[in-house]
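Close look at the chain arrangement
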Amino acid sequence: MSPLAPQQARAPVPDAEDEDEASLAAVYRRWGPLVHALAQRSLGDSREAEDITQQVFLAAWRGRAGYRPELGSPAAWLTGITRRRIADALHARARRAALVEGAGAQYATMDHRAQEGMDLALDRTLMTQELARLPAPQRTVLRLAFYEDLSHPQIAERTGWPLGTVKSHARRGMRGLRLRLEDVQDGGG
């Protein structure tokens, strides 16, 4: 039985894969609210907290062989993983903010006398501002896709997020950008 298996006796499950899925589900039900609450409190963003919760349980499941009960409870082990994932998310958030700030400063120093250059700078500034308004995970995915020309699987590998999460952030981010840019064009921005 895996180190993350529930402490209760269970009826036999016909195959190991079903047992693994049942164990993961039980662990998630038991400690998922704790992990999510820690992430939500630290990050202040429910969607980001959901992503962190998913990342924590994926990391715990992948690293379950490294769990040592003599060193602490499963809750303490999961809390440690959660704190590291939160720290990573906060560090990434600070890096993104610095990049946006640096890009804004770069655009502010551009020569605005030439109309073509001015239009390009305005478009870039507008895009930078609108990207900055998106939630952090959506910003991350769109920046990696547009500026580094990464595919969804490459973004998932770089961020450590599941592929479905990356695709969801990309879809929501694009929808948010489209709506905001339409609003700006209509004079409401």
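Below you will find a few notes about this structure. Given the structure is predicted, the values throughout are model-derived calculations rather than measurements.

Calculation rules
- Note on numbering: residues in each chain are counted from 1, in written sequence order.
- Two thresholds apply to this predicted model, a pLDDT of at least 70 for residue-level local features and 80 or more for giving and counting side-chain atom pairs, whereas whole-chain, interface and lining totals are computed over all residues.
- Think of the side-chain values as coming from all heavy atoms in the structure, minus any hydrogens and water.
- Helical segments are the DSSP runs of H or I of at least four residues, strand segments are the runs of E of at least two, and each set is numbered from the N terminus.
- A 1.4 Å probe rolled over the protein chains alone gives each residue an accessible area, and that area as a share of the maximum for its type sets the label: buried under 20%, exposed over 50%, partly exposed in between.
- Here, residues are in contact when the closest pair of their heavy atoms is within 4.5 Å.
- The protein chains shown are the only cover counted for residues, whose accessible areas, like all others here, come from Shrake-Rupley with a 1.4 Å probe.
- The definition of a nonpolar core used throughout is a set of buried Ala, Val, Leu, Ile, Met, Phe, Trp, Tyr and Cys residues joined through side-chain atoms within 4.5 Å.
- What counts as an axis is a line fitted to C-alpha atoms, over the stretch in contact for a helix, and the angles between N-to-C directions run from 0 to 180 degrees.
- The cut-offs work like this: below 35 degrees is roughly parallel, past 145 is roughly antiparallel, 65 to 115 is roughly perpendicular, and the gaps in between are oblique.
- It is the rotation of the near helix from the far one that decides the hand of a crossing: anticlockwise by less than a right angle makes it left-handed, clockwise makes it right-handed.
- Patches draw on residues past 30% relative accessible area with no salt bridge. Two like charges within 9 Å are joined, as are two nonpolar side chains (Val, Leu, Ile, Met, Phe, Trp, Tyr) within 5 Å.
- Put simply, a salt bridge is a Lys or Arg side-chain nitrogen that is within 4 Å of an Asp or Glu carboxyl oxygen.
- Any helix carries an expected span of 1.5 Å times its number of residues minus one.
- Any pair of N or O atoms that falls within 3.5 Å is considered a polar contact. Within protein, one atom must be able to donate a hydrogen and the other to accept it, and sequence-neighbouring residues count only if both atoms are side-chain atoms.
- Aromatic rings from Phe, Tyr and Trp, taking only the six-membered ring of Trp, are treated as a pair when their centres fall within 6.5 Å; an angle between ring planes under 30 degrees marks them as stacked, one over 60 as edge-to-face, and anything in between as tilted.
- Note on geometry: a ring has a charge over it if NZ (lysine) or CZ (arginine) is within 6 Å of the ring centre and within 35 degrees of the ring normal.

A tally of helices and strands in the protein yields seven helices and zero strands. Each of the 189 residues in the protein was classed as buried or not, and the buried ones make up 34%. Across the protein, contacts joining residues at least 24 apart in sequence account for 55% of those joining residues at least 6 apart. Roughly 11,600 Å² of accessible area belongs to the protein as shown, and the carbon and sulfur atoms make up 53% of that amount.

Here we take up the nonpolar core. Membership of the largest hydrophobic core comes to 18 residues, with the highest contact counts inside it found for Ile52 and Leu78. Of all the secondary-structure elements, those providing two or more residues to this core are α1 (16–43), α2 (46–62) and α3 (74–108). Val141, Leu150, Ala156 and Ala170 belong to the second-largest nonpolar core, a separate cluster that totals eight residues.

This part takes up the packing of helix α5 (residues 136–147) against helix α6 (residues 152–159). Between α5 and α6, the least distance of the axes is 10 Å, while the angle of their chain directions is 125 degrees. It follows that α5 is oblique to α6 by the angle criterion. In this structure, α5 meets α6 at a crossing whose hand is right-handed. Residue-level contacts link Thr140, Val141, Leu144 and Ala145 of α5 to Ile155, Arg158 and Thr159 of α6.

The next subject is unusual backbone geometry. In this model, Asp149 sits at a positive phi of 55 degrees, which is unusual for a non-glycine residue. With respect to the element layout, Asp149 can be found in the loop between α5 and α6. The class of Asp149 is exposed, set by a relative accessible area of 65%.

The next subject is a nonpolar patch on the surface. A grouping of Phe146, Tyr147 and Met174 is seen on the molecular surface, where their side chains present a nonpolar patch of about 330 Å² in accessible area. Within the secondary structure, Phe146 is located in helix α5. Here Phe146 falls in the partly exposed class, since its relative accessible area comes to 46%.

With that settled, consider α2. An ideal rise of 1.5 Å per residue puts 24 Å on 17 residues; α2 measures up with 24 Å between its terminal C-alpha atoms. Backbone nitrogen of Arg47 and a side-chain oxygen of the N-cap are separated by 2.9 Å at the start of α2; the cap is Asp45.

Turning next to the packing of aromatic side chains. The relation between two aromatic rings is expressed through the spacing of the ring centres and the mutual angle of the planes. Counted according to the given criterion, the structure contains two aromatic pairs. Seen from their ring centres, Tyr28 and Phe57 are 5.0 Å apart, and the 65 degrees between their planes marks the pair as edge-to-face. Here Tyr28, found in helix α1, pairs with Phe57, found in helix α2; they are 29 residues apart in sequence, far enough to count as distant. Between Tyr67 and Trp77, the ring centres sit 5.1 Å apart and the planes meet at 50 degrees, which makes this aromatic pair tilted. Residue Tyr67 is located in the loop between α2 and α3, and its partner Trp77 is located in helix α3; the two are separated by 10 residues in the primary sequence. Here Arg64 stacks its cationic end above the ring of Trp61, 4.1 Å away from the centre of that ring.

As a further point, take the environment of Leu99. Position of Leu99 relative to the elements: it lies in helix α3. On the accessibility criterion, Leu99 (58% relative accessible area) is exposed. For the pair formed by Leu99 and Thr128, sequence separation is 29 residues and the distance between their alpha carbons is 10.0 Å.

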